[in-house]
Amino acid sequence: MERTGGLVHPNRQSGGGIAGKVFRQTQKIVADTKGQAGALVRVLEETQGLLGYLPTPMLKTISRDLKVPLSEVYGVATFYNFFTLAPRGKYVVQVCMGTACYVRGGERILNVLQKELGVEPGGTTPDNMFSLEIVRCLGCCGLSPVVAIEDKVFRQMTPAKVLDVLKSYS
């Protein structure tokens, strides 16, 4: 096994263990694109599915194997909100801060969640149970302010309601 800068060289057998397996799977994902234009988003999505996030060594591997500049890979990975460069918690708590939610108390909801979870937006609790994110709109303006956890949207949140919702996931 040969590595340079912590990365496995393409066309060489990668190491054992989870890291080696993930690198091999990522290289297979890239190879399966057969040089198709626009493959980057698909490769990022499938790679994130392996680990739950996109660590820097994986971005470098994708850049190298797709022959796409790292700046472009990083740009796409940070532009779309469904990609993440850091591990997320078991539950991702999204606080809508769109205009309707903000005007109706979204900032108060965010502040309560920050205090209760002890993390800033973009952070994950030390036990990896919750990640806190701000989103610009969840498309539920008439139900504002809203908070989403996984696939469930909680409407007309108040500080007390959001704490009850959070406790139901603990």
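Provided above is the structure to which this section pertains.
The structure reproduced in this document is the subject of the present report.

Parameters and conventions
Residues numbered from 1 in each chain as written. Predicted model: local features only at pLDDT ≥ 70, side-chain atom pairs only at ≥ 80, totals over all residues. Heavy atoms only, no water. Helix = DSSP H or I, 4+ residues; strand = E, 2+ residues; numbered from the N terminus. Buried < 20%, exposed > 50% of the residue type's maximum accessible area, 1.4 Å probe, protein only. Contact = heavy atoms within 4.5 Å. Areas by Shrake-Rupley, 256 points an atom, 1.4 Å probe, with all protein chains shown as cover. 1 Å grid on protein atoms, 1.4 Å probe; cavity = no way out; pocket = protein on both sides within 12 Å on 5 of 7 lines; lining within 4 Å. Points joined across faces, edges and corners; volume = space filled by probe spheres on them. Nonpolar A, V, L, I, M, F, W, Y, C, P; charged D, E, K, R; others polar. Right-handed = clockwise from strand over helix to strand, strands pointing away. Core = buried A, V, L, I, M, F, W, Y, C linked by side-chain atoms within 4.5 Å. Phe/Tyr/Trp six-rings, centres within 6.5 Å; stacked < 30°, edge-to-face > 60°.

Below, the discussion takes up the overall build of the protein chain. The number of helices and strands found in the protein chain is six helices and six strands. Looking at the protein chain residue by residue over its 170 residues, the buried ones come to 42%. Counted over contacts in the protein chain with a minimum sequence separation of 6, partners at least 24 positions apart contribute 54%. For the protein chain, the accessible surface area stands at approximately 9600 Å², while carbon and sulfur atoms represent 53% of it.

In this section: the layout of surface pockets. Considered as a void within the structure, the largest pocket measures approximately 200 Å³ in volume. When residues of the lining of the largest pocket are traced back to their parent elements, those giving at least two are helix H4 (70–79) and strand E4 (130–135). Among the elements that take part in the lining of the largest pocket, E4 stands out by supplying three residues, more than any other. Classifying every residue of the lining of the largest pocket by side-chain character gives six nonpolar, three polar and two charged.

We now examine the pairing of E4. Within E4, five of the six residues are buried, which leaves the element mostly enclosed by the surrounding structure. Handedness of the strand E3 (residues 91–96)-helix H5 (residues 99–117)-E4 crossover: right-handed.

Below, the discussion takes up the nonpolar core. Ranked by internal contacts, the top residues of the largest apolar core, which has 20 residues, are Val 93, Leu 113, Leu 132 and Ile 149. Elements supplying a minimum of two residues to this core: E3, H5, E4, strand E5 (147–149) and helix H6 (159–169). The contacts of Leu 132, once residues within four sequence positions are left out, are Val 93, Val 95, Leu 110, Leu 113, Gln 114, Leu 117, Val 119, Glu 120, Pro 121, Gly 122 and Gly 123. Counting residues in hydrophobic clusters, the runner-up holds 14 residues, among them Val 30, Val 43, Leu 66 and Val 76.

Glancing now at the packing of aromatic side chains. Tallied over the full model, the rule gives seven aromatic pairs. Between Phe 79 and Tyr 80 the ring centres are 5.0 Å apart and the planes differ by 90 degrees, which places this aromatic pair in the edge-to-face class. With centroids separated by 4.9 Å and ring planes inclined at 70 degrees, the aromatic side chains of Tyr 91 and Tyr 169 adopt a geometry described as edge-to-face. Placement of the pair is Tyr 91 in strand E3 and Tyr 169 in helix H6, with a sequence separation of 78 residues.

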